[in-house]
Amino acid sequence: MNIVVAMKQIPDLQQIRIRNRQPVFEDVPLTLGPIDKNALEAAVAIKEQLEAQVTVLSAGDENVEDTVKEALAAGADQCYLVLDDALKNAESSVTAEVLAAALKQMEDKPDLILFGEGSGDNYSGQVGSRVAAILDLPQVGYASAIEVGEGKAVVTRSLENCEEVVEVTLPAVVTVIAGINEPRIPSVSQILKAGRKPKEIVEPDELNLDLENAKTDTLSNLAPETQRKRVVVKSVDELIQALTSEALIGR
Amino acid sequence: MDFNLSKEQELIQRAAREFAEKYIEPIGHQIDVENSIPPEIISGLGELDMFGIPFAEEYGGAGSGYSSYVLAMEQFGSASSGVAMILSAHTLGLGAISVFGTEEQKKKYMPKCCKGEHIASFAFTEPGTGSDPKQIATTATKEGDFYILNGTKRFISNAGFPGPLVLMAKETESGRVTAFIVEKFCEGYSISEPWEKIGMHGGPLLDIYLENVKIPAENLLGQSGFGYPILQLGISYGKVGVSSTALGGLLASYKEAVKYAKEKTHRDEPIGKFATIKVAIADLAEKYEASKWLVYRLGYLADTLKDPMQFAKEAALAKDFVCEEMINASRICMNVHGSYGLMKDYKAERIYRDSIMGSQVEGVSDMQKMIVAGVILGMK
Ligand SMILES: Cc1cc2nc3c(=O)[nH]c(=O)nc-3n(C[C@H](O)[C@H](O)[C@H](O)COP(=O)(O)OP(=O)(O)OC[C@H]3O[C@@H](n4cnc5c(N)ncnc54)[C@H](O)[C@@H]3O)c2cc1C
């Protein structure tokens, strides 16, 4: 069984500084998207039960080669990287084209393709669905549990008011939510072995892709303004009332 | 000159930080009050290979050197200096076996220790001596292919965990000090109740009683009469652990003070607006940064320096500076907290008590200065 996990390189959100409500990205260390890490953990958990090989797929600039070690340390067996400077801030439709082309190109045909529900930086939540559409594969979103069987998977979807259990034939695309698991902390030995795991690196033109106009320009990216309400309460009762009226408790 | 961490080092640091923040920090106060560390913490650290970071892969270690070890230790020391003390004393004991042990000794003792299933100790101090090997009273008497050990060892870290103990004893025949490997809890080995220390709670400190402990002659470490060089080099490596634990304390002081300066308000403004608090925060940042680079460099030197005297000097220099700065930093952190800093509800109180530990262990600060100046001036 071949599981591919698509993971996006993003700036470490905990280390981004905000200046004049603008995020400062300079000199911020790179990491992989937090929900992508949940997707990887889900893949590794399946691998621990069945015979499976986990491949990380990532498209981005040359830094990805180093950043992906994080995924290789956390249990992926190998990686497949599409590297080009133009892929750094690529728009979702372009990223989806690139990933779909890479998936088609892979020697070991993927049975299960996992994504995080949204990326850690933009959270547009489009890439998984777009890849499924391009490859004409079934897709299940909002996965909070995945059970793989013979040629199919049973996926629990966590929706706003209910849980839905669906069966999907493989190969399929599944996008997972953060609550699906808790990603493991890699051991020191696994971290040191990460760099020695197999990796395949391709350039976009090897996949017959033209990345002209791939970049989006961000015109404005502002931190939300939080207005403190400065409500003064004189008793616990008043506090409870205030919190209830804000729908923070007692829903 | 390159001050960047490699990706691997960055990930090791992050793994240690995540484990510390997720599992140790939330029970930091509990560890302090109960003076013990839950076994899940020890086994969790073992699974992440934190007991074997600097040791060779062929003996079960991670093979990542002391330069990675200091990065992890800083994070553990920041969450709980008791946890860091266990790792530090363990690495000191195991380090002696890794440097001076025979192939058989290394194969026998290191793999389980690197996984944290066994925890190593190093025993020099006795009721009658903490700095002077000439005064060692524990005896080793050769009987055929065995040695018989008798004596009391004081203030021994990790004495209550199973695993190997590197022990300094005086050979009755020659009067020379020799190092031996003793398996803790063998026949004739017993321990006291843990000492109640001012700080570093959870880091277990006990006395050891040896009563006719019989060990095979092959458990001699290094050579007969080689105890002093093993002690000196071992302690130099040990100072890498003590320094990085203290660096963790500096980091904790810095983080707690910054947090409080932003949270605590006077007339609706955070106290960080006051010039006095600003000076305190800047002082903490300076102390932390200076100590950090000294400790990271010491980790690098532990991996690369060949001359034991030079290394002894560098280790003494860093240990003295960083441990003293941790005391200063914990005091500043307490000042930022005002009276709240004196209360057990705040971490500042624990950091303050922990801070005095580093400057006393493995030689008090003045003794470190004697080593540093002795090497620089070429005079003992
Ligand atoms: C948390 C903790 C963990 C420890 N872990 C271990 C362990 O795992 N193994 C172990 O063996 N020990 C351990 N110890 C013991 C510790 O290493 C000794 O206590 C320390 O070396 C000092 O010895 P001492 O207390 O006997 O002081 P002493 O050696 O008696 O020193 C007392 C004072 O006299 C001064 N002094 C001593 N000799 C000289 C001299 N020649 N010239 C000038 N001044 C001198 C010292 O600087 C000091 O100020 C631990 C202690 C603590 C607190």
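Residues numbered from 1 in each chain as written. Chains lettered and ligands numbered in written order. Predicted model: local features only at pLDDT ≥ 70, side-chain atom pairs only at ≥ 80, totals over all residues. Heavy atoms only, no water.

Observations concerning the overall build of chain B
No. 1: Secondary structure summary: chain B contains 11 helices and 10 strands in total.
No. 2: Relative to the compact-globule value of 21 Å for 380 residues, chain B shows a C-alpha radius of gyration of 21 Å, a close match.
No. 3: The principal-axis extent of the C-alpha atoms belonging to chain B is close to 80 × 45 × 40 Å.
No. 4: When each of the 380 residues of chain B is scored for burial, the buried share is 56%. (Helix = DSSP H or I, 4+ residues; strand = E, 2+ residues; numbered from the N terminus. Rg over C-alpha atoms; globule rule 2.2 N^0.38 Å. Buried < 20%, exposed > 50% of the residue type's maximum accessible area, 1.4 Å probe, protein only.)

Observations regarding the interface of chain A and chain B
No. 1: Listed as interface residues are 20 residues of chain A and, on the opposing side, 21 residues of chain B.
No. 2: Summing both sides of the interface, chain A and chain B together bury roughly 1700 Å²; the carbon and sulfur share of this comes to 56%.
No. 3: Put simply, chain A and chain B have 3 salt bridges between them.
No. 4: Across the pair Glu70 of chain A and Arg14 of chain B runs a salt bridge, and its minimum N-O distance is 2.7 Å.
No. 5: If you look at where chain A meets chain B, you find 8 residue pairs in polar contact (both at pLDDT 80 or more).
No. 6: Looking at the side of chain A that touches chain B, the elements with two or more residues in it are β5 (30-32), α2 (64-67), α3 (69-73) and α6 (188-194) of chain A.
No. 7: Looking at the side of chain A that touches chain B element by element, the count peaks at 4 residues for α6 of chain A. (Contact = heavy atoms within 4.5 Å. Buried area = accessible area lost by both parts, 1.4 Å probe. Salt bridge = Lys/Arg side-chain N within 4 Å of Asp/Glu carboxyl O. Polar contact = N/O pair within 3.5 Å; in protein donor to acceptor, adjacent residues only side chain to side chain.)

Thoughts on helix α3 (residues 39-47) of chain B
Residues and elements named next belong to chain B.
No. 1: Buried within α3 are the following residues: Ile41, Ile42, Gly44, Leu45 and Gly46.
No. 2: Buried-residue contacts for α3 involve α1 (7-24), α4 (65-79) and α5 (81-100).
No. 3: Directly after α3, the chain includes Asp49, whose backbone phi takes a positive value near 70 degrees.

A short note on the site of the ligand
All names here are of chain B.
No. 1: Taken together, the neighbourhood of the ligand is formed by 18 residues, with Phe122, Phe124, Thr125, Ser131 and Ser157 sitting nearest.
No. 2: The backbone of Phe124 places a nitrogen or oxygen atom 2.7 Å from an oxygen atom of the ligand.
No. 3: One nitrogen or oxygen atom from the side chain of Ser157 is found 2.8 Å from a nitrogen atom belonging to the ligand.
No. 4: Its free accessible area being 970 Å², the ligand has 59% of it covered by the protein chains.
No. 5: Residue assignment for the shell around the ligand shows that the elements contributing at least two residues are β1 (121-123) and β3 (146-157).
No. 6: With 3 residues, β3 is the single largest residue contributor to the shell around the ligand.
No. 7: Each residue belonging to the shell around the ligand can be placed in one class, and the counts come to 11 nonpolar, 6 polar and 1 charged.
No. 8: Looking at the shell around the ligand, you find at least three residues from each of domain 2 (121-221) and domain 3 (227-377). (Near = heavy atom within 4 Å. Areas by Shrake-Rupley, 256 points an atom, 1.4 Å probe, with all protein chains shown as cover. Nonpolar A, V, L, I, M, F, W, Y, C, P; charged D, E, K, R; others polar. Domains from an automatic or database assignment.)

Looking at the nonpolar core
No. 1: Counting 132 residues, the largest nonpolar core has Leu40, Leu114 and Ile146 of chain A together with Met50, Phe76 and Met168 of chain B as the members making the most contacts within it.
No. 2: Sort the elements by how many residues they give to this core and helix α7 (residues 227-263) of chain B lands first, with 15 residues.
No. 3: Residues Ala102, Ile113, Leu207 and Leu211 of chain A belong to the second largest nonpolar core, which totals 28 residues. (Core = buried A, V, L, I, M, F, W, Y, C linked by side-chain atoms within 4.5 Å.)

Observations regarding the pattern of salt bridges
It is possible for side chains of opposite charge to pair when their charged atoms get near one another.
No. 1: Applying the stated rule across the entire model yields 30 salt bridges over all chains.
No. 2: Two residues, Lys229 of chain A and Glu246 of chain A, come together in a salt bridge whose shortest N-O distance is 2.9 Å. Within this pair, whereas Lys229 of chain A is found in the loop between β13 (199-202) and α7 (236-245), its partner Glu246 of chain A is found in the segment after α7, the two being separated by 17 residues in sequence.
No. 3: Exposure remark for Lys229 of chain A: the relative accessible area of 58% places this residue in the exposed category.
No. 4: Across the pair Glu10 of chain B and Lys7 of chain B runs a salt bridge whose closest N-O atoms are separated by 3.3 Å. Of this pair, Glu10 of chain B and Lys7 of chain B both sit in helix α1, 3 residues apart, roughly one helical turn.
No. 5: In the salt-bridge network here, residues are joined through shared partners; they are Lys37 and Glu70 of chain A together with Lys7, Glu10 and Arg14 of chain B.

Section: the domain arrangement of chain B
Residues and elements named next belong to chain B.
No. 1: Partitioning chain B into domains gives domain 1 (7-114), domain 2 (121-221) and domain 3 (227-377).
No. 2: On a C-alpha basis, the centroid separation for the pair domain 2 and domain 3 is 30 Å.
No. 3: Across the boundary between the two partners, domain 2 contributes 14 residues, which contact 11 residues of domain 3.
No. 4: Buried area between domain 2 and domain 3, summed over both chains or domains, comes out near 1100 Å², and the portion from carbon and sulfur atoms is 80%.
No. 5: It is Phe122, Ile198 and Met200 in domain 2 that bury the most area against domain 3; as a group they hold 46% of the surface buried on that side.
No. 6: Inspection of the domain 2/domain 3 interface yields 0 salt bridges.

Description of the sheet that holds strand β9 (residues 139-149) of chain A
All names here are of chain A.
No. 1: Read across the sheet, 9 strands follow the order β11-β10-β9-β12-β8-β1-β6-β7-β13 without closing on themselves; strand pairing throughout is mixed. Every other strand in the sheet has two partners, leaving β11 (163-169) and β13 as the edge strands with one partner each. For this sheet the average axis-to-axis angle between neighbouring strands, irrespective of direction, equals 30 degrees.
No. 2: Relative to strand β12 (residues 172-176), β9 runs parallel, the two being bridged by 3 bridges. Its bridge partner being in β12, Val140 is matched across the sheet by Val174.
No. 3: The strands touched by helix α1 (residues 34-49) are β1 (2-6), β6 (53-60), β8 (112-116), β9 and β12; relative to β8, the strand with the most contacts, the crossing angle is about 150 degrees. (Pairing = 2+ DSSP bridges. Axes fitted to C-alpha atoms, helices over the stretch in contact; angles between N-to-C directions.)

Some words on the packing of aromatic side chains
All names here are of chain B.
No. 1: Within this structure, the stated rule accounts for 14 aromatic pairs over all chains.
No. 2: For the ring pair Phe100 and Phe226, a centre distance of 6.1 Å and an interplane angle of 75 degrees mean the geometry is edge-to-face. Taken together, the residues span a long stretch of sequence, with Phe100 in helix α5 and Phe226 in the loop between β8 (220-221) and α7 at a distance of 126 residues.
No. 3: Using a relative accessible area of 18% as the deciding quantity, one classes Phe100 as buried.
No. 4: On the accessibility criterion, Phe226 (28% relative accessible area) is partly exposed.
No. 5: Look at Tyr340 and Tyr346: their rings are 5.7 Å apart centre to centre, the planes differ by 65 degrees, and that puts the pair in the edge-to-face class.
No. 6: According to the relative accessible area criterion, Tyr346 is partly exposed, its value standing at 29%. (Phe/Tyr/Trp six-rings, centres within 6.5 Å; stacked < 30°, edge-to-face > 60°.)

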